[in-house]
Structure formats: C-alpha cells, structure tokens
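Chain and residue survey
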Amino acid sequence: MLLKRLFPHPLLSFLLFVTWMLLVNEFKRGSLVMALILAIVIPLLTAAYWQNRPKVKDVPAFAAYCLLVMWDVIVANFQVAKIILFMRNEDIKSAWIPVPIELKTPEASTLLAGTITMTPGTVTADMSACGKVLLIHSLHAPDPDAIRDDIKSRYEARLKRIFE
Amino acid sequence: MEQIAEILISVLLIVGGIFAVIGSYGLLKLRDTMQRLHAPTKATTVGVGSALIASMAFFLIFEHHLSWHELLITLFLFLTAPITANFIAKAQMHRMMRAEDLPPTGVGTDWATFDPELTMVQPLTDYRPGPVSDEGASPAET
C-alpha cells in the first residue's frame, strides 16, 4: 500500500531511476539515493498530466515489440542505403499513403507513428484532424497497399494487444 | 585477444562511417525534401549505433570499465529522431504543399496540417510549388 503511494507510476519511476544511474555512469551509493529521490518526486509532481494514461497490459509483449522494432530499424538502414546507392532517381517511386488506425489511445498512436518513422522507407508526416488516419510518406512504394497492410499487421496489431 | 578487439572496433567504426556517408550522400542525391528526409532518419541510425557499440567495447576492453552513456544516447536518439522527422515534414507541408496535393483522409475530416480549426499558421494557399531546384526554395524566391 505504501509502495503504491510512493510509486504511483512504477514504469516511470523505474525509467527515471535507470536513466539517472546510467547518466552517473558509475556505481555510487550517493547517486543511488539521488536516483531514488528523483524516481519518487518526479512522478508525484507530474501526476496531474497522466490521469488517463493507458496501462501497458502485456509487458513481455512490449519488450518483444521493442526488439522487433530494433531489428526492423537495422534492416531499414540497409534497404534505404540500397535505394540511395543503387537506384536511379527516376526509378524511385515515392508515394503518400493514408493508413487508417484503430488504436484508441494517443500514446499508442504516437508509438505507432514513431515506429513507422524509424522503419523501412516510411516517415509519418501527418495525422487526420480526428486522429483516425496517419499520413505516411514512403520513399519507394511500388505497391502502396502492401505497405499499408504490412504496417497494420506487423505493428498496429501488436500495439493493440499491448495497450488494449 | 586485444588484437581481435582492435579489429572488431575498427570494423564497427568503419561500418558506422560508411553509413553516415551514405546518409549524407542521400541528402545530396534525392530529389525533394520529403525524399531527403528518409536518408538522415534511417541510413544514419546504424551509423550512430555501430559507433556507440564500438565505444562501449573500447571502454570495456581497454579501459576496463563499462560505459553506460552510449545506451542513453541510443535511447534519446530513438525518442528524438521521429519527432524531428515529423517537424521537418510538417514544415515542408506548410511551406510547399497544398491540401490538394495529398490523398484524401477517407474519414471526412482534413489532414491536421490543413485543418483550419487546428492550425494557428495558415497554409500558403496562393503559393504553387514549382520544380524543386537543387538548393531548395528559399523564402525570397517564393
């Protein structure tokens, strides 16, 4: 009970704690205390801003998602490098692709938008005013529908499982 | 052992350098701002990443202590890169594009950049994008 009152947002506290320890870059007892103070005070001060935060329901799935994105980022690097080096400018077919999303929380949508920007040949450029469609620019899209379906099945479905 | 580590670190640094060069080359080569956006947001992630891994390996093997700052740099990079890309894309849409250039949203409302209720800055409606020069259009030319 006391633990719950001290750490109302355990994930944020954990993140702050770890970030501070990494920032100090060597293990000292003084910085351990400082990290603990930050992990308690900052969530308390910012509590007003995350009243309706979505809960990460499935932490292992979230970790798996992070690893998947990391891997895709590396693959994306090689794909984009290949396009830059070996394709003539006239052959590169860029396209705007609207991707309708079903995620309900802004946090999940933001995560999806960030993921899209980091992964193969796509950048999230805008969102519809109602927040239900993402506008994506693709560097090389011979088949825009395939890219849209890929995003929906590969990332959105997983995020939906994690947050909803 | 040290010999192997030296080779490994050198390879990582060279791979990182190559990717950084490819990203910069992409900036020069591609045709318009939206395409150029792809080069630095992606082709450089592996560049920075392998330089950071090389740095961690160097401190671990030759200085005998583990350096954690590289992990933090990765974290901050992953947090900021999509936001930077989004800001550049939005600036480009405000300055160089009109709502008609984009595909329809399909849900009735407009894209947020061109939605009059959501934007404080009005898009330049009287400006028609011309062919993009190598220098990019400067405000004086518009």
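Residues numbered from 1 in each chain as written. Chains lettered and ligands numbered in written order. Predicted model: local features only at pLDDT ≥ 70, side-chain atom pairs only at ≥ 80, totals over all residues. Heavy atoms only, no water.

**A closer look at the sheet that holds strand E1 (residues 95-100) of chain A**
Residue and element names in this part refer to chain A. Condition: Any two strands between which DSSP finds at least two bridges are classified as paired. Put simply, DSSP H or I for four residues or longer makes a helix, DSSP E for two residues or longer makes a strand, and each gets a number counted from the N terminus. Angular values range over 0 to 180 degrees, each being the angle between N-to-C directions of two axes fitted as lines to C-alpha atoms, with helices fitted over their stretch in contact. Throughout, a contact is declared for two residues whenever any of their heavy atoms are within 4.5 Å.
As summarised here, the arrangement of the three strands in space is E1-E3-E2, forming an open sheet in which the pairing is antiparallel. In the strand order of this sheet, the two ends are held by E1 and strand E2 (122-127), each with one partner. Averaged over all pairs of adjacent strands, the angle between their axes in this sheet comes to 30°, without regard to strand direction. Across five bridges, E2 lies against strand E3 (residues 133-138) in antiparallel orientation. Following the sheet pairing, Asp126 is matched in E3 by Leu135. The strands that helix H5 (residues 106-118) touches are E2 and E3; relative to E2, the one it contacts most, it runs at about 145°.

**Considering the packing of helix H4 (residues 59-86) of chain A against helix H6 (residues 144-163) of chain A**
Residue and element names in this part refer to chain A. To be explicit about the condition: An angle counts as roughly parallel when it lies under 35 degrees, as roughly antiparallel when it exceeds 145, as roughly perpendicular when it falls between 65 and 115, and as oblique in every other case. Left-handed describes a crossing whose near helix is turned anticlockwise from the far helix through less than a right angle; right-handed describes the clockwise counterpart. Ten residues, namely Ala, Val, Leu, Ile, Met, Phe, Trp, Tyr, Cys and Pro, are considered nonpolar, four, namely Asp, Glu, Lys and Arg, are considered charged, and the remaining ones, Gly among them, are considered polar.
Running from amino to carboxyl end, H4 crosses H6 at an angle of 160°, the nearest separation of the two axes being 10 Å. Classified by the interaxial angle, the pair formed by H4 and H6 is roughly antiparallel. Crossing geometry of H4 relative to H6 is assigned as left-handed. Of the residues in H6, those in contact with Ala61, Phe62, Tyr65, Leu68 and Asp72 of H4 are Arg154, Tyr155, Arg158, Leu159 and Ile162. The residue inventory of the contact of H4 with H6, partitioned by class, reads seven nonpolar, no polar and three charged.

**Concerning the packing of aromatic side chains**
Rules: Two rings from Phe, Tyr or Trp (for Trp, the six-membered ring) form a pair when their centres are within 6.5 Å of each other. A pair whose planes differ by under 30 degrees is stacked, one over 60 is edge-to-face, and the rest are tilted. Exposure categories follow from relative accessible area, calculated using a 1.4 Å probe and restricted to protein chains: below 20% of the type maximum is buried, above 50% is exposed, and the middle band is partly exposed.
This structure, assessed with the given rule, holds four aromatic pairs over all chains. Ring centres of Phe78(A) and Phe19(B) lie 5.1 Å apart, and the angle between their planes is 85°; this geometry places the pair in the edge-to-face category. Placement of Phe78(A) in helix H4 and of Phe19(B) in helix H1 (residues 2-29) is noted, with the two residues assigned to different chains. Among the residues examined, Phe78(A) registers a relative accessible area of 49% and is labelled partly exposed. Measuring from ring centre to ring centre gives 5.4 Å for Phe58(B) and Phe62(B), while their planes differ by 35°; the resulting arrangement is tilted. Of this pair, Phe58(B) and Phe62(B) both sit in helix H3 (residues 45-62), separated by four residues, roughly a single helical turn. According to the relative accessible area criterion, Phe58(B) is partly exposed, its value standing at 36%. Within the aromatic cluster, the residues linked to one another by ring pairs are Phe58(B), Phe59(B) and Phe62(B).

Purely geometric stuff here, so don't read any function into it on its own.
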